[in-house]
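Understanding the architecture of this molecule
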Amino acid sequence: MAAAEKSVAPGDTIDPRHFRTVLGSFPTGVVAITSTEADEQPVGMIVGSFTSVSLKPPLVSFLADHTSTSQARIRATGRFCANVLAADQERLCRKLAGRGTQKFDGVAWQASPLGNPVLEGIVSWIDCTIEDTIEIGDHYLIVGRVRELTSVSDKTPLLFLRGGYGDYFSNSALLLERLREWP
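This write-up is about the structure you can find in this document. Everything numeric in this text was worked out from a predicted model, so none of it was measured. (Residues numbered from 1 in each chain as written. Predicted model: local features only at pLDDT ≥ 70, side-chain atom pairs only at ≥ 80, totals over all residues. Heavy atoms only, no water.)

1. A closer look at the environment of Gly115
- For Gly115, the location among the structural elements is in the loop between β7 (109-111) and β8 (117-119).
- Its relative accessible area of 22% is what places Gly115 among the partly exposed residues.
- Between the C-alpha atoms of Gly115 and Thr36, which are 79 residues apart in sequence, the distance is 6.8 Å.
- Residues within four places of Gly115 in sequence aside, it is in contact with Thr36 and Arg79. (Helix = DSSP H or I, 4+ residues; strand = E, 2+ residues; numbered from the N terminus. Buried < 20%, exposed > 50% of the residue type's maximum accessible area, 1.4 Å probe, protein only. Contact = heavy atoms within 4.5 Å.)

Below, the structure written as structure tokens:
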């Protein structure tokens, strides 16, 4: 059976590499989750699992590996800001995705209403308090109650697909742009 035709019968184990390959064919947005600790030290991590949960009340969520020290530090603050990265921020994404305490060296940011880092050059930000944390498999589902949110720019967002970063510009957007330029 070809790799594209593999299927798993109930009760079988799923090969982790195959699992990642199949799910990697779905593009995800790239979001920097940020917070500040009691000493005002910024902490952050990159997620591709940020999503809206509810309109009433306004809830969002993201998944974080349970071994991540950044997620533990963010959860301890009781709040976070979801920064939707722009397509031109791959370098920032890679920096914040790394390990260590120097992630924010040279990174421009300002405090959100809740005191979380809002990164410079992003598409939008969503400021939240942590509403709930649920352990699921080897991850935590962290649910946030939205307290404030703002769209900052019309830049295209950074996307992750098949192991690489990129952006998306729709055909309809291209058509509209051409119509605006048409005499």
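2. Remarks on the packing of aromatic side chains
- Throughout the structure, instances matching the rule amount to one aromatic pair.
- Taken together, a centroid distance of 5.1 Å and an interplanar angle of 85 degrees make the contact between Phe62 and Phe80 edge-to-face. Linking Phe62 in strand β5 (residues 59-65) with Phe80 in strand β6 (residues 79-84), this pair joins segments that are 18 residues apart in sequence. With respect to class, Phe62 is no different from Phe80; both count as buried.
- Across from the ring centre of Tyr140, 4.2 Å away, lies the NZ or CZ of Arg75, which sits over that ring. (Phe/Tyr/Trp six-rings, centres within 6.5 Å; stacked < 30°, edge-to-face > 60°. Lys NZ or Arg CZ within 6 Å of the ring centre and 35° of its normal.)

3. Here we look at unusual backbone geometry
- For the bond from Lys56 to Pro57, the omega torsion is 0 degrees, close enough to zero to count as cis.
- Unusually for a residue other than glycine, Glu40 sits at a positive phi of about 65 degrees.
- Looking at where Glu40 falls in the secondary structure, it is placed in the loop between β2 (31-36) and β3 (42-47).
- Overall, the relative accessible area of 63% leaves Glu40 in the exposed class.

4. Structural notes on empty space enclosed by the protein
- Scanning the entire structure with this criterion turns up one cavity of 30 Å³ or more.
- Lining the largest cavity, in full, are Gln41, Pro42, Val43, Gly44, Arg73, Gly100, Thr101, Gln102, Lys103 and Phe104.
- Ranked by residues supplied to the lining of the largest cavity, first place goes to β3 with three residues.
- When its residues are assigned to classes, the lining of the largest cavity shows three nonpolar, five polar and two charged. (1 Å grid on protein atoms, 1.4 Å probe; cavity = no way out; pocket = protein on both sides within 12 Å on 5 of 7 lines; lining within 4 Å. Points joined across faces, edges and corners; volume = space filled by probe spheres on them. Nonpolar A, V, L, I, M, F, W, Y, C, P; charged D, E, K, R; others polar.)

5. Remarks on helix α3 (residues 90-97)
- Among the residues of α3, Leu92, Cys93 and Leu96 are the ones counted as buried. Within α3, the buried residues cover an arc of 105 degrees as seen down the axis, which keeps them to one side.
- Buried residues belonging to α3 abut β2, β3, β8 and β12 (164-166). (Arc of directions from axis to C-beta.)

6. Notes on the pairing of strand β9 (residues 124-136)
- In the sheet, β6 pairs with β9 via six bridges, with the strands oriented antiparallel. If you follow Cys81 over to β9, its bridge partner there is Asp127.
- As paired strands, β9 and strand β10 (residues 139-151) are joined by 12 bridges and run antiparallel to one another. Residue pairing for β10: Ser124 is matched across the bridge by Ser151.
- If you look at the hairpin formed by β9 and β10, you'll find two residues sitting between the two strands, and Gly137 has a positive phi there, around 60 degrees. (Pairing = 2+ DSSP bridges.)

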